[in-house]
Amino acid sequence: MKLRTLALIVLVVGSVPAATALTPSATDSTALTDSTVSAAQDANETTETASDAGSDGSSASDSDDSDEQSTDYTKLYVESDYDYPELKPGESTTFNVTVANREDAEVELDPHVYVPPVGENLLEKSWVSIEGDSTVAAGGETTFTVTVSVPKDAQMGHYSGQIAFTNETVTYPGRPARPVHAAGISVEVWKKPTVEIVSNTYLRGQVEAGDTATKQIVIENNGDETVPLSPQYKTERDRYHGSSSSKIDPSWVDIDAPSSIGAGETATVTVTFSPPEDAESNRYRGELDLGLKDPHRDDDNNYWQRVSMNFDVWNQPDEPFETSFDVSEDAQNITLTLSPRSGYGTSSDSEPASFDVTFVKPDGTAVDAERVRVSDSGYVDLSESNDPNAQQQGEYSFRSGGQQFVYRIDDPEAGSWDLRVMPENVIGFSYEITRNETAE
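Just so it is clear, the structure is predicted and the values come from calculations on it, not from any experiment. In every chain, residue numbers begin from 1 and rise along the written sequence. The predicted nature of this model means local features are confined to residues of pLDDT at least 70 and side-chain atom pairs, given and counted, to a pLDDT of 80 or more, with totals for whole chains, interfaces and linings taken over all residues. Each side-chain value is worked out from all heavy atoms of the structure, with water and hydrogens disregarded.

**Re the sheet that holds strand S21 (residues 266–273)**
Consideration 1: Spatial strand order, S13-S15-S21-S19: four strands in an open sheet with antiparallel pairing. What marks the edges here is a single partner per strand, and that holds for strand S13 (195–197) and strand S19 (253–256). Across the sheet, the axes of successive neighbouring strands diverge by a mean angle of 20°, strand direction being ignored.
Consideration 2: In this sheet, S21 lies alongside S19 in antiparallel orientation, the contact comprising four bridges. Paired with Val253 across the strands is Phe273, a residue of S21. At least two bridges found by DSSP between two strands are what make those strands a pair. Put simply, DSSP H or I for four residues or longer makes a helix, DSSP E for two residues or longer makes a strand, and each gets a number counted from the N terminus. Axes here refer to lines fitted to C-alpha atoms; in helices the fit is confined to the stretch in contact. Angles between the N-to-C directions go from 0 to 180 degrees.

Next up, the structure:
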């Protein structure tokens, strides 16, 4: 008999709007949803209406199945303004829950904390106090004030439960009974982290094969106890899609760090990236796990102490880049602008970029171009920036916008010219050839 009643409840879920503020626990798979509880309440009205008169005009008493298809839930509707806060041990939050009565008579309420019989980090009943009237008038509503107070000795974690206002429950196959008239409670208990990575957690650079790049990671321990530090290169997480990048070979990485950080102290992790001379030109990626243990962080969430590694490896070319262009008889001069690729991995300790530029006249004569201008640009931001290439200078976040090298040939001959560019300490560059002509 019970199975038939439950089936009716499930069928009306999709068509009945939620009227009960009930949020299931993140750790309790048996908790009811808003729409399910509303359906449980409204199913009674639906089945009562259907049982009052059959399709042939008979009364409910004429049907043998009328009692089997009806669950006589009290018509109460619960609405909560709870905002599911994050609280530190010793903190509290207060919210209101309104219970509306759609019965024709006064209803006695029994407000109490309900905690599921199974689950992890279940809410302690002693954390919750409920204030309000124990009755609600026919057709009226009453508001309860609920306070959730987290003890000072509470452990970090996610805690959940419910505030039930009657002892009426609903049961589904294979699940324990749950309150019909209830509001959900869920609170995340946290503590301010004591271990902080104060430097960038992105290691970027561009390195010539056979050379090295050294980066540092600075970590502060503001807590009262020593924390372990055991950075390791994690090959099992180096999964990247596409062919534009490759995994860093662990033998290319050397890590120097202390084994722990004392209370109130700062530690530096030095990472040296050394691709061999036969390394192919490519972008190489990887990740460091710093092996930190913050007593105020959940050990299951260690993303905060992972460091991304991203290096461009390049090889110095043996031959210059060449291109051709035409010059008209009206050209007064030729201007070449070279812009080394910048931004990704550029750092102050990189060797300065330079170019060996040669123009070749239409008659085959080589001309060394005069460099007439070098410019540097950058970007400065006063907002909080997550740019991995940015550096901090007090309140300023800044990064390089790159350089430009400008070369000029005056009074060029008309005809087809060639350009040869040999880059030095440059992993890539753009060029622009401008012919400034006289106006007719």
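**Structural notes on the environment of Thr335**
Consideration 1: Its place among the elements puts Thr335 in strand S25 (residues 331–340).
Consideration 2: In this structure, the C-alpha to C-alpha distance between Thr335 and Tyr407, residues 72 residues apart in sequence, is 5.7 Å.
Consideration 3: Apart from the residues lying within four places of it in its own chain, the contact partners of Thr335 are Val406, Tyr407, Arg408, Glu432, Ile433, Thr434 and Asn436. Note on contacts: a residue pair qualifies if any of its non-hydrogen atoms lie within 4.5 Å across the two residues.

**Details of the packing of aromatic side chains**
The relation between two aromatic rings is expressed through the spacing of the ring centres and the mutual angle of the planes.
Consideration 1: What counts as a ring pair is set by centres within 6.5 Å for rings of Phe, Tyr and Trp (its six-membered ring), and what kind of pair is set by the plane angle: stacked under 30 degrees, edge-to-face over 60, tilted for all other angles. Taken as a whole and judged by the stated rule, the model has 14 aromatic pairs.
Consideration 2: Arranged with centres 4.4 Å apart and planes meeting at 50°, the rings of Tyr82 and Phe95 form a pair that is tilted. Placement of the pair is Tyr82 in the loop between strand S1 (76–80) and strand S2 (86–87) and Phe95 in strand S3 (residues 92–101), with a sequence separation of 13 residues.
Consideration 3: Measuring from centroid to centroid gives 4.3 Å for Phe273 and Phe311, while their planes differ by 10°, and the two rings are stacked. Here Phe273, found in strand S21, pairs with Phe311, found in strand S23 (residues 306–314); they are 38 residues apart in sequence, far enough to count as distant.
Consideration 4: Each residue is placed in one exposure class: buried if its accessible area under a 1.4 Å probe, protein chains only, is under 20% of its type's maximum, exposed if it is over 50%, and partly exposed if it falls in between. For Phe273, a relative accessible area of 0% corresponds to the buried category.
Consideration 5: Residue Phe311 is classed as buried on the basis of its relative accessible area, which comes to 1%.
Consideration 6: The ring of Tyr77 has Arg102 sitting right over it, with the charged end atom 4.1 Å from the ring centre.
Consideration 7: Ring-over charges, as used throughout, are those where CZ of Arg or NZ of Lys falls within 6 Å of the ring centre and within 35 degrees of the ring normal. Against the face of Trp304 rests Arg297, its NZ or CZ located 3.8 Å from the ring centre.

**Here's the deal with unusual backbone geometry**
Trans peptide bonds make up the majority, and among non-glycine residues the majority have a negative phi.
Consideration 1: Positive phi, close to 50°, is recorded for Tyr84, a residue that is not glycine.
Consideration 2: For Asp411, which is not a glycine, the phi torsion comes out positive at approximately 50°.
Consideration 3: Structurally, Asp411 can be placed in the loop between strand S30 (396–410) and strand S31 (415–424).
Consideration 4: Overall, the relative accessible area of 67% leaves Asp411 in the exposed class.

**Regarding a negative patch on the surface**
Consideration 1: Nonpolar side chains (Val, Leu, Ile, Met, Phe, Trp, Tyr) are joined into patches within 5 Å and like charges within 9 Å, using only residues with over 30% relative accessible area and no salt bridge. Method for areas: the Shrake-Rupley scheme with a 1.4 Å probe, in which residue coverage is limited to the protein chains shown. Basic side-chain nitrogens of Lys or Arg form a salt bridge, by our definition, when they fall within 4 Å of a carboxyl oxygen of Asp or Glu. Counting rule for charge: Lys and Arg are taken as positive, Asp and Glu as negative, and neither His nor the chain ends is counted. Where a charge lies is defined by one atom per residue type, namely NZ (Lys), CZ (Arg), CG (Asp) and CD (Glu). Residues Glu86, Glu188, Asp298, Asp299 and Asp300 make up a contiguous surface patch of negative charge.
Consideration 2: With respect to the helices and strands, the residue Asp299 is situated in the loop between strand S22 (282–289) and S23.

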